[in-house]
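If you want the building blocks of each chain, they are given just below.
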Amino acid sequence: MQTEWNSISKHITPQILDLLEPVHKQISSMYDSADDVELLKKLNLDNKFASPTPYVSSEPFYSHVPKNPPKTATPHQITQMALDKSWILHEIWKRYKDPSDVLGEVQFAFVCFLMGQTFSGFEQWKKLIAVICSSEEIICNPSHVSFCLSAMDCMANQFEHVPEDFFETMITGDLREENFLTASLRGFLEIIDDPTLDARILKNSSRFISVIEKKFPFVTADVWDGPTIEEIDGM
């Protein structure tokens, strides 16, 4: 149990906690709204943990995740930024001393949602995973190999330790999160499926790919399978 906990929390340092913790250093496990209750029911998580404590207004100080490019961006830059989210990750990095510190926030948000049942934790985790998976320039940059390796390990650990029905519901259920998780993972797999990447990334990607194949086999099938050719009668 201790090993599993360490695998999904090892990037959450005291410094990260100082940045993210609410003023009162308490994150309520009570649902923030009716939407939170509905979300947890759809994910079948509402009865998996201890009964929620009375609600205390508190919100972690999560990093701002920009949605729109800077107003000074040219049309060409806007197009590039829509495809490659590295610029967002660079903005978030400004808050931290080391690029890998952002993975502490990824883990903090993940734990807050999975164990604390906070909708804001899920929303922040979703945003950060989507940004990391779409940051092609950073992933392909030799100077960021260490971050890429840590990010793959971080995400693989999270995907390994969540309940099976959690992601199954999130992908196929009424939450319509297929555009987030499926698209993010497909994009990331396509980026790391590049023989010109640093050898350390190619070597260590095998575990990440193995986890995805086990949890979401349809994702890897769509990435690496060739086009489906159907025979038509009479042709």
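Above: the structure in question.
Residues numbered from 1 in each chain as written. Predicted model: local features only at pLDDT ≥ 70, side-chain atom pairs only at ≥ 80, totals over all residues. Heavy atoms only, no water.

## Describing helix α9 (residues 145-161)
Turning to step 1, where the next piece is worked out: Its 17 residues place the ends of α9 25 Å apart at the C-alpha level, agreeing with the 24 Å of an ideal helix rising 1.5 Å per residue.
Turning to step 2, where the next piece is worked out: Among the 17 residues of α9, twelve are classified as buried, and the element is accordingly described as predominantly covered.
Turning to step 3, where the next piece is worked out: The set of residues buried in α9 consists of Val145, Phe147, Cys148, Ser150, Ala151, Met152, Cys154, Met155, Ala156, Asn157, Gln158 and Phe159. (Helix = DSSP H or I, 4+ residues; strand = E, 2+ residues; numbered from the N terminus. Expected span 1.5 Å × (residues − 1). Buried < 20%, exposed > 50% of the residue type's maximum accessible area, 1.4 Å probe, protein only.)

## Points about the environment of Leu189
Turning to step 1, where the next piece is worked out: Along the chain, the position of Leu189 falls in helix α11 (residues 178-192).
Turning to step 2, where the next piece is worked out: Sequence-wise, Leu189 and Phe208 are 19 residues apart; in three dimensions their C-alpha atoms are separated by 9.3 Å.

## Let's talk about unusual backbone geometry
Turning to step 1, where the next piece is worked out: A positive phi angle, close to 55 degrees, is found at Gln117, a residue other than glycine.
Turning to step 2, where the next piece is worked out: Topologically, Gln117 is positioned in the loop between α6 (102-114) and α7 (119-133).

## Some thoughts on the side chain of Gln158
Turning to step 1, where the next piece is worked out: Within the secondary structure layout, Gln158 lies in helix α9.
Turning to step 2, where the next piece is worked out: On the basis of relative accessibility, which here comes to 0%, the residue Gln158 falls in the buried class.
Turning to step 3, where the next piece is worked out: A polar contact is formed between the side chain of Gln158 and the side chain of Trp125, at a distance of 2.8 Å. (Polar contact = N/O pair within 3.5 Å; in protein donor to acceptor, adjacent residues only side chain to side chain.)

## Things to note about the packing of aromatic side chains
In this description, a pair of aromatic rings is defined by centroid distance and the angle of the planes.
Turning to step 1, where the next piece is worked out: A full pass over the atoms with the stated rule returns seven aromatic pairs.
Turning to step 2, where the next piece is worked out: When the centroid spacing of 5.6 Å and the interplanar angle of 50 degrees are considered together, the rings of Phe110 and Trp125 count as tilted. One end of the pair, Phe110, is in helix α6; the other, Trp125, is in helix α7, with 15 residues separating them in the sequence.
Turning to step 3, where the next piece is worked out: Residues Phe113 and Phe122 carry aromatic rings whose centres are separated by 5.0 Å and whose planes lie at 45 degrees to one another, so their mutual orientation is tilted.
Turning to step 4, where the next piece is worked out: For Phe122, a relative accessible area of 0% translates into the label buried.
Turning to step 5, where the next piece is worked out: Through a chain of ring-to-ring contacts, the aromatic side chains of Phe110, Phe113, Phe119, Phe122 and Trp125 assemble into a single cluster. (Phe/Tyr/Trp six-rings, centres within 6.5 Å; stacked < 30°, edge-to-face > 60°.)

## Considerations on the side chain of Gln107
Turning to step 1, where the next piece is worked out: Its location among the elements puts Gln107 in helix α6.
Turning to step 2, where the next piece is worked out: In terms of polar contacts, Gln107 uses its side chain to reach the backbone amide nitrogen of Lys10, at 3.2 Å.
Turning to step 3, where the next piece is worked out: A distance of 2.8 Å separates the side chain of Gln107 from the backbone nitrogen of His11, its partner in a polar contact.
Turning to step 4, where the next piece is worked out: For Gln107, the residues in contact, after removing those within four places along its chain, are Ser7, Ile8, Ser9, Lys10, His11, Ile12, Cys154 and Gln158. (Contact = heavy atoms within 4.5 Å.)

## Here's the deal with the pattern of salt bridges
Turning to step 1, where the next piece is worked out: Taken as a whole and assessed by the stated rule, the structure comprises seven salt bridges.
Turning to step 2, where the next piece is worked out: Its salt-bridge partner being Asp198, residue Arg200 comes within 2.9 Å of it at the nearest N-O pair. (Salt bridge = Lys/Arg side-chain N within 4 Å of Asp/Glu carboxyl O.)

## Here we look at the layout of surface pockets
Turning to step 1, where the next piece is worked out: As a volume, the second largest pocket reaches approximately 180 Å³.
Turning to step 2, where the next piece is worked out: Taken together, Val65, Pro66, Lys67, Lys85, Ile88, Lys127, Ala130, Val131 and Ser134 make up the full set of residues lining the second largest pocket.
Turning to step 3, where the next piece is worked out: At three residues, α7 tops the list of elements feeding residues into the lining of the second largest pocket.
Turning to step 4, where the next piece is worked out: For the lining of the second largest pocket, the class distribution of residues is five nonpolar, one polar and three charged. (1 Å grid on protein atoms, 1.4 Å probe; cavity = no way out; pocket = protein on both sides within 12 Å on 5 of 7 lines; lining within 4 Å. Points joined across faces, edges and corners; volume = space filled by probe spheres on them. Nonpolar A, V, L, I, M, F, W, Y, C, P; charged D, E, K, R; others polar.)

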